[in-house]
Amino acid sequence: MFPYFIMLIFCGIPLFFMELSFGQFASQGCLGVWRISPMFKGVGYGMMVVSTYIGIYYNVVICIAFYYFFSSMTHVLPWAYCNNPWNTRDCAGVLDASNLTNGSRPAALPSNLSRLLNHSLQRTSPSEEYWRLYVLKLSDDIGNFGEVRLPLLGCLGVSWVVVFLCLIRGVKSSGKVVYFTATFPYVVLTILFVRGVTLEGAFMGIMYYLTPQWDKILEAKVWGDAASQIFYSLGCAWGGLITMASYNKFHNNCYRDSVIISITNCATSVYAGFVIFSILGFMANHLGVDVSRVADHGPGLAFVAYPEALTLLPISPLWSLLFFFMLILLGLGTQFCLLETLVTAIVDEVGNEWILQRKTYVTLGVAVAGFLLGIPLTSQAGIYWLLLMDNYAASFSLVVISCIMCVAIMYIYGHRNYFQDIQMMLGFPPPLFFQICWRFVSPAIIFLQAKVHRRLPQNPLHFGSLPEWNVLFHQLPQRRGVPDHGPPAPPSPTQTYGPQIRVREEQRTRRPRPPTSAPLAPPPPKSHSSSVPGPLGWDYPIQRRQSLALSSTRLLADSEASDPEAGQWEPGT
């Protein structure tokens, strides 16, 4: 956990604060904010691509959770025993099926018998065979798609319908749903934690979780995994932080929000680790193996290891329902942010009144497209492609996007301008620690990690019969011969960028973007009863609303020189 906390302190929290302040000041989505420097608008498109990839396969994970949730509505969990038609002779469960007939809770297998089954046979648990042979009906090759699993396809449709209905009114409706989706998982985690620590062998799993492996502390892969986990956990470089912050009031204290949310998020991850490894320690003790041999990776941890552990609890269907309901809520909370990021980027990019009034149809179109693109992932080879997307499309790319964003803001736009803009927005400049991290520490750590990652020998992804050619995805960043074109001169921020009033909902109106050839005259003042206007409102002349490139001091001087009455304006009044 040492690399995890180092990356959290010097990269996670500073970049989290940067994205929140970036989106809140500009009141734009992940594309609109790059009016600060149009040359780097590709970073916004990169965020959109990452959010698209994640949104496609993440909802497939949610649909599998829906499938397990519906399958748990029975008096005996279907993955508890090895007496099902899909089970093989290698199946060896942790429960004795002989006690099933008398209605009592089955007893665990004796320790010596478990060791015998584990060492003399190629043991597969009933939950693993249920996952591979029944739910997925896993094909023998990534190119053999086989048939589309209709139960998973139906659950995928249900998950996309739920996401659309929760976002049908934008952040108004999703904001209310998140109150429940963000709090209820803590209840389930606490229940599972209390049950887990009371099991025999739980202490062994927790000690394995807390004991650092100092021999691996200098391995670059460990630090790379820690960085990827931090960025994935906090949502940095997805575009979602910028998008959600754009709906904040202009003077909202996003500094306080970033620190509280980051620490709470990572504390939750550590707490969930205790829940997971307490159960894994019990299973390892029961099977007579090391904890490292019990833990799985990827979706198998949620759909193999934990479902098997749930069969050991009394009234196991009830706990299974609660657990998978928690997974559904956690997934939906993430999916809301991903879909809203894409919808907001599209609406901002078009930027006319027609699309603003039909944002619901844009949301529907994105949801339908996501459903259609997710259909191949519900086939018999879908899990292979899901793992490829998860490992290559939304891991290291987040680190690269964050590095470019940090360099563009601090060195192309200018750190002094950005610090002054934050002071205008919050009333105080960013703390010295964040200034140092933004300018030096965070970009240096990310860049160094990227350079080391390119030179490391890469191991291909292994899952079932996933072929060795997937190592190509690892080797692509290492290939040479890419033309080195010198970058063009950094452009100045456009006149349409700056602190604006966010106009997204039906009762608000959005002024169309002025053409670049000649500035438009300022529109007549409009009242916005649903929000408090920022210091540069819609009625302020566009010639003087010069975006982030002009600090509040230079804006004031310019207004005083051209209009004595405008010089009376002060930030925050």
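Keep in mind that what you see is a predicted model, and the values were worked out from it rather than measured.

Moving on, we get to the side chain of S320. Mapped onto the fold, S320 is located in helix α14 (residues 316–350). Here S72 takes part through its side chain, which lies 2.6 Å from a polar atom of the side chain of S320. Not counting the four nearest positions on each side in its chain, S320 is found in contact with S72, L77, W79 and L310.

The next thing to look at is the packing of helix α1 (residues 2–26) against helix α9 (residues 220–234). At a minimum axis distance of 9 Å, the contact between α1 and α9 shows a crossing angle of 45 degrees. Compared by their axis directions, α1 and α9 come out oblique. The hand of the α1/α9 crossing is right-handed. Contacts between α1 and α9 involve F2, P3, Y4, I6, M7, L8, G12, I13, L15 and F16 from the former and V222, W223, A226, A227, Q229, I230, F231, S233 and L234 from the latter. Here the contact of α1 with α9 is built from residues that sort into 16 nonpolar, 3 polar and no charged.

Turning our attention to a nonpolar patch on the surface. Taken together, V407, Y411, L432, I436 and F440 make up a surface patch of nonpolar side chains, about 470 Å² in accessible area. Taken together, the elements giving at least two residues each to the nonpolar patch come down to α18 (396–426) and α19 (432–455). Here the element with the most residues in the nonpolar patch is α19; it accounts for 3 residues. Mapped onto the elements of the fold, F440 is located in helix α19.

Taking the numbering used here, the UniProt-annotated feature "binding site: Na(+)" (unreviewed entry) corresponds to S233, N265 and L330. These annotated residues cover 98 residues of sequence, but their C-alpha atoms sit close together, with the largest distance between any two at 12.4 Å. Relative to the elements of secondary structure, S233 occurs in helix α9. For S233, the contacting residues outside a window of four places in its chain are Y4, N265 and S269. Mapped onto the elements of the fold, L330 is located in helix α14. With a relative accessible area of 41%, L330 lands in the partly exposed category.

One pass over the full model with this rule turns up 1 disulfide. The cysteine C63 is free of any disulfide, with C155 supplying the nearest cysteine sulfur at 6.1 Å.

Our next topic: the pattern of salt bridges. Taken as a whole, this structure holds 4 salt bridges when the rule is applied. With a closest N to O distance of 2.8 Å, K41 and E349 form a salt bridge. Remark: E349 occurs in helix α14 and K41 occurs in helix α2 (residues 41–71); sequence separation between them is 308 residues. Relative accessible area serves as the criterion here: at 29%, E349 is assigned to the partly exposed category. For D257, the salt bridge identified is with R256, shortest N-O distance 3.5 Å.

Criteria and thresholds
- Residues numbered from 1 in each chain as written.
- Predicted model: local features only at pLDDT ≥ 70, side-chain atom pairs only at ≥ 80, totals over all residues.
- Heavy atoms only, no water.
- Helix = DSSP H or I, 4+ residues; strand = E, 2+ residues; numbered from the N terminus.
- Polar contact = N/O pair within 3.5 Å; in protein donor to acceptor, adjacent residues only side chain to side chain.
- Contact = heavy atoms within 4.5 Å.
- Axes fitted to C-alpha atoms, helices over the stretch in contact; angles between N-to-C directions.
- Parallel < 35°, antiparallel > 145°, perpendicular 65-115°, else oblique.
- Left-handed = near helix turned anticlockwise from the far one by under 90°.
- Nonpolar A, V, L, I, M, F, W, Y, C, P; charged D, E, K, R; others polar.
- Patch = residues over 30% accessible without salt bridge, like charges linked within 9 Å, V, L, I, M, F, W, Y side chains within 5 Å.
- Areas by Shrake-Rupley, 256 points an atom, 1.4 Å probe, with all protein chains shown as cover.
- Salt bridge = Lys/Arg side-chain N within 4 Å of Asp/Glu carboxyl O.
- UniProt positions renumbered as here; feature names shortened; annotations may be inferred.
- Buried < 20%, exposed > 50% of the residue type's maximum accessible area, 1.4 Å probe, protein only.
- Disulfide = S-S within 2.5 Å.

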